[in-house]
Amino acid sequence: VFGRVTPAQKRAMVGALQSRGHVVAMTGDGVNDVLALKDADLGIAMGSGAGATRSVAQIVLLDDRFSVMPSVVAEGRRVLGNVERVSDLFLTKSFYAVVVSIATVVLVLPFPFLNRHLTVVTALTIGIPAFFLALLPNTQRFRAGFFRRVLKFAVPAGVITAICAYASYGYVLRLGDGVPDARQAAVVTLFVVQWWVLVQVARPMNALRGLIVGGSIVGFLVVLYVPWISRLFDLTWHPDRAGLVALAFGVVGAAAVSIVHAFSGHGAVED
């Protein structure tokens, strides 16, 4: 407890805590708090305080109640944590799309996916899951290095996805099957690897995230085995040679994604 503290001393206290690696919040309502509020990681001003205090603070408590702070912190954690999750999903897609496009040009082969194929995989592994993941509670503490962590996971995961999908496509073509069969094998491989990316991004798993992940695979099975939907998206799977090749490459890609995730710095445990 400190009494009769000057503005410079308040500022020095904030700096001392920050120098030891702490994230510092400062509250105040008077002009004598301005220096410390400005230097703190989070400046919190009272709504009834001086104008200068409110102008330098990141948060203003309009009703002067500290009881709202836990909900403010929770909302900040939810937004930052879920943005990182969603970024992993969308950037992984961006990188695998680039690699597949370049490979198609270099190898002078028909593109391994139809637009309807990409619609199914993107909707079930990225679009719909990302919508719900972005809204779920997230109590993970903020950690510096967001951009580095996202790229460290998304770049290799996207490259792995592209390599496995294209390898499945090329292998089925080499077996003598036609382009339609090779495309279907590539789509199954793509879904398996991207679904596993979704599993890694959704961790640590709970009931709601498990429902999202499970719903994704159920949706894909519906596309594969409900006849009119299967015809609409030109997509099916059978346990024949091409089908087993597609699953094999998908499992290999999923295992590689697990290794990437383990070394990408995404292993933080929620509070």
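Residues numbered from 1 in each chain as written. Predicted model: local features only at pLDDT ≥ 70, side-chain atom pairs only at ≥ 80, totals over all residues. Heavy atoms only, no water.

**Student:** An account of the overall build of the protein chain is needed here, citing residue identities and associated values.
**Tutor:** When its secondary structure is counted, the protein chain shows 10 helices and three strands. Ordered by position from the N terminus, the helices and strands of the protein chain form the series α-β-α-β-α-β-α-α-α-α-α-α-α. In summary, the protein chain has a C-alpha radius of gyration of 25 Å against a globular reference of 18 Å for 271 residues, an excess of more than 25%. Across its three principal axes, the protein chain shows a C-alpha extent of roughly 85 × 35 × 25 Å. The burial tally for the protein chain puts 41% of its 271 residues in the buried class. Approximately 14100 Å² of the protein chain is accessible, and the part contributed by carbon and sulfur atoms is 69%. Taking the average location of the 23 positive side-chain charges in the protein chain and that of its 15 negative ones, the two points are 4 Å from each other. (Helix = DSSP H or I, 4+ residues; strand = E, 2+ residues; numbered from the N terminus. Rg over C-alpha atoms; globule rule 2.2 N^0.38 Å. Buried < 20%, exposed > 50% of the residue type's maximum accessible area, 1.4 Å probe, protein only. Areas by Shrake-Rupley, 256 points an atom, 1.4 Å probe, with all protein chains shown as cover. Lys, Arg positive; Asp, Glu negative; His and termini not counted. Charge placed at Lys NZ, Arg CZ, Asp CG, Glu CD.)

**Student:** Quick rundown of the packing of helix H4 (residues 69-107) against helix H5 (residues 115-135)? Include the residues and the values.
**Tutor:** A pair of packed helices is captured by two measures, namely the crossing angle of their axes and the spacing between those axes. As a packed pair, H4 and H5 sit with axes 9 Å apart at the nearest point and diverge in direction by 170 degrees. The orientation of H4 with respect to H5, classified from their angle, is roughly antiparallel. Here H4 runs over H5; the crossing is left-handed. Contacts between H4 and H5 involve Arg 78, Asn 82, Val 86, Leu 89, Phe 90, Lys 93 and Tyr 96 on the former and, on the latter, Thr 122, Thr 125, Ile 126, Ala 130, Leu 133, Ala 134 and Leu 135. Split into classes, the residues belonging to the contact of H4 with H5 amount to nine nonpolar, three polar and two charged. (Axes fitted to C-alpha atoms, helices over the stretch in contact; angles between N-to-C directions. Parallel < 35°, antiparallel > 145°, perpendicular 65-115°, else oblique. Left-handed = near helix turned anticlockwise from the far one by under 90°. Contact = heavy atoms within 4.5 Å. Nonpolar A, V, L, I, M, F, W, Y, C, P; charged D, E, K, R; others polar.)

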